[in-house]
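Structural overview for review
Listed here are the chains, written in short residue letters.
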Amino acid sequence: AGHLLGLGQIYAWKKNFEKARACFESALRLGRSVGSQSTEVVALGHLGDTYFALGMATQAQLFLENAIELGDRCYPAPAAIFRGSLACIKAQEKDFETARSLLQVADEQTAGYEQDRARILCKRGLVECLADNHSAAQRALADARAISDILGPARGAQLSSDLDELAARLSG
């Protein structure tokens, strides 16, 4: 299942969301068949992110809510990241209070996990962009970049991608 999740992420980074979705669905089925709740959390969350990228916010929200609910019980770090994704959906719906509340919980869940904390800061920046609060978005980007600089090569591809996405949103 781990290989399917990894392959799905590669497809998602390449914007081939249909192939990504197929990989994540297969990983979800496999994870469920062997009782791997951690695989289920990650697959559900990635499916939520994929549906969001496809413009299917209602389906995305359902997958993300399921990932968060299960993740809070058994795998909190990914639950925090997917909570950040759900916050972005809420912000697109102009529900900034809920979005910020989701991010507050995600902040608490990622305390001590700097890579995840930086990713949540990027999500916060996206939410603040949607709220037309560009100074708060700039602060979030600066804070996330500071963490990324400390992490160096250990920052990972996903954090790098999140930083690029926020920077592009702020410059565009």
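Since the model is a prediction, treat every value here as computed from it, not as a measurement.

**Re the packing of helix H1 (residues 2-13) against helix H2 (residues 17-34)**
Closest axis-to-axis distance for the H1/H2 pair is 8 Å, and the angle between their directions is 165°. One finds that H1 runs roughly antiparallel with respect to H2. The handedness of the crossing between H1 and H2 comes out as left-handed. Contacts from Leu4, Leu5, Leu7, Gly8, Gln9, Tyr11 and Ala12 of H1 reach H2 at Phe17, Lys19, Ala20, Cys23, Phe24, Ser26, Ala27 and Leu30. Class assignment of the residues belonging to the contact of H1 with H2 gives a composition of eleven nonpolar, three polar and one charged.

**Overview of the packing of aromatic side chains**
Using the criterion set out here, one finds one aromatic pair in the structure. On the numbers, 5.3 Å between centres and 5° between planes, the contact of Tyr51 with Phe63 is stacked. With a gap of twelve residues between them, Tyr51 in helix H3 (residues 37-53) and Phe63 in helix H4 (residues 57-74) connect regions that are remote in the sequence. Residue classification places Tyr51 among the buried positions, given a relative accessible area of 9%. Given the relative accessible area of 21%, Phe63 is considered partly exposed.

**Points about the confidence of the model for the chain**
Here the chain averages 96 in pLDDT, and 100% of its residues register 70 or above. Looking over the chain, one finds the lowest element-wise mean pLDDT in helix H9 (residues 156-171), namely 94, and the highest in H2, namely 98.

**Examining the side chain of Glu128**
Assignment of secondary structure puts Glu128 in helix H7 (residues 114-130). Residue classification places Glu128 among the buried residues on the basis of a relative accessible area of 5%. Apart from the residues within four sequence positions on either side, Glu128 is in contact with Arg100, Asn133, His134, Ala136 and Ala137.

**Section: the environment of Gly71**
Mapped onto the fold, Gly71 is located in helix H4. A relative accessible area of 0% places Gly71 in the buried class. As a C-alpha pair, Gly71 and Val41 span 30 residues in sequence and 5.6 Å in three-dimensional space. Every residue in contact with Gly71, bar those within four places of it in the chain, is listed here: Val41, Pro76 and Ala79.

Quick notes on the rules
- Starting from 1, residues in each chain are numbered consecutively following that chain's sequence as written.
- Owing to the predicted nature of the model, reporting of local features is limited to residues with pLDDT of at least 70; listing and counting of side-chain atom pairs is limited to 80 or more, with chain, interface and lining totals taken over all residues.
- Only hydrogens and water are removed before side-chain values are computed, so all heavy atoms of the structure are retained for them.
- A fitted line through C-alpha atoms represents every axis, and for helices the fit uses only the stretch in contact; the resulting angles, taken between N-to-C directions, go from 0 to 180 degrees.
- Comment: elements are numbered from the N terminus, with helices defined as DSSP H or I runs of at least four residues and strands as E runs of at least two.
- In what follows, roughly perpendicular refers to angles from 65 to 115 degrees, roughly parallel to angles under 35, roughly antiparallel to angles over 145, and oblique to any angle outside these ranges.
- Crossings are assigned a handedness: left-handed for a near helix turned anticlockwise from the far helix by less than a right angle, right-handed for a clockwise turn.
- In what follows, residue pairs with any heavy atoms lying within 4.5 Å of each other are defined as contacts.
- Gly is put with the polar residues, along with every residue not named as nonpolar or charged; the nonpolar set is Ala, Val, Leu, Ile, Met, Phe, Trp, Tyr, Cys and Pro, and the charged set is Asp, Glu, Lys and Arg.
- Centres within 6.5 Å make a pair out of two Phe, Tyr or Trp rings, where for Trp the six-membered ring is used; the pair is then stacked when the planes are under 30 degrees apart, edge-to-face when over 60, and tilted otherwise.
- Per-residue accessibility, obtained with a 1.4 Å probe over protein chains only, is compared with the maximum for each type, and a residue is labelled buried under 20%, exposed over 50%, and partly exposed between these values.
- Values of pLDDT, ranging from 0 to 100, describe the predictor's confidence in every residue of the model.

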